[in-house]
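Here is how the chains run, residue by residue.
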Amino acid sequence: MTAAPEVLAELQGLRARVPHLTGAMVASTDGLVIAHLVAGMEPDGVAALTAAALGVGARLTDAVGHGGFRELLVSGEHGYVATYAAGPSCVLTLLATADANVGRLNLEARRAGARIAPLTGGPADRRERAPVPPPPPPSRAPLPSRPGHRPGNNNDNGASS
Amino acid sequence: MTNTETALKDAMGSIEGALGVALVDYGSGMALGTLGGSQTLDLNVAAAGNTDVVRAKLRTMEMLNIQDAIEDILITLGGQYHLIRLLTGRGGSGLFLYLVLDSRRANLAMARHQLKRIETELEV
């Protein structure tokens, strides 16, 4: 992606404006990192997980008839992970500490998402962000199994072994 | 005892010169309710920004070792007054009322008195 330096500059601006921001990343909706400012973790893994969460989020808003995906906010014990639509093919994911000002995070991220959209090839966005289209219905792929857990033996509850 | 919606309506209706009012959670920076405002006065932006104001003051007091609580904060602009009043009642901690007044029409003493009454009656 040739737009990466501009996107990265946008992320740096975001980090300067929003206190409590611990990481920021722009990724494509299929989980490829375009630019990131995260330290201490693997950005590829976070992008891949974001893509998975995004798929579920988009399907959920579609299922209840609320249109395309806009934002996803996950609150953990020690902080927030928030994902915002940035055009039809990209998302902006932000990591913030638990004492973050979520109102401010939302405002800044929505604006940044709208600015990032044209940089990544999306439509130059007016007030509305172009929603991410809902993904195709899920193929019945098995969930990845935990290490040490034998796949294909779903009904064992420990008694049979 | 009044609920959020009634309190906001009360503030807009009974306080002379009121341009907008919001009930804000300064834990998250998000507004629990807003009333009034305009194209140029986005109360959700105000909620997020004034959360930083309240947090900064609380932090400053902590650094100065002041064992006290903020009752209200007044910000005087050229043409507006901004009043921030922290909620004290049960269930109200971590919240503040934010009121924007047109300074040409408002009576500051009366507005402050009215806002105090609304805050005491408010139950979230």
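Residues numbered from 1 in each chain as written. Chains lettered and ligands numbered in written order. Predicted model: local features only at pLDDT ≥ 70, side-chain atom pairs only at ≥ 80, totals over all residues. Heavy atoms only, no water.

Draft legend 1. Here's a closer look at the interface of chain A and chain B. Residue-level contacts link 10 residues of chain A with 10 residues of chain B. For the chain A and chain B pair, buried surface summed over both sides reaches about 700 Å², with 50% attributable to carbon and sulfur atoms. Summed over the three residues of chain A that lose the most area to chain B, namely Asn101(A), Arg104(A) and Leu107(A), the buried surface amounts to 51% of that side. There are one salt bridge connecting chain A and chain B. Where chain A meets chain B, there are six residue pairs in polar contact (both at pLDDT 80 or more). For the side of chain A that touches chain B, a count of residues per class yields three nonpolar, four polar and three charged. (Contact = heavy atoms within 4.5 Å. Buried area = accessible area lost by both parts, 1.4 Å probe. Salt bridge = Lys/Arg side-chain N within 4 Å of Asp/Glu carboxyl O. Polar contact = N/O pair within 3.5 Å; in protein donor to acceptor, adjacent residues only side chain to side chain. Nonpolar A, V, L, I, M, F, W, Y, C, P; charged D, E, K, R; others polar.)

Draft legend 2. Spotlight on the sheet that holds strand β5 (residues 90-97) of chain A. Residues and elements named next belong to chain A. Spatially, the five strands line up as an open sheet ordered β2-β1-β5-β4-β3, and their pairing is antiparallel. Two strands in the sheet have a free side with no partner beyond their single neighbour: β2 (33-37) and β3 (71-76). Here the strands of the sheet are splayed against their neighbours by 10 degrees on average, with no regard to which way each runs. The pairing of strand β1 (residues 21-28) with β5 spans seven bridges and is antiparallel. Bridge pairing in β5 links Met25 to Thr93. (Pairing = 2+ DSSP bridges. Helix = DSSP H or I, 4+ residues; strand = E, 2+ residues; numbered from the N terminus. Axes fitted to C-alpha atoms, helices over the stretch in contact; angles between N-to-C directions.)

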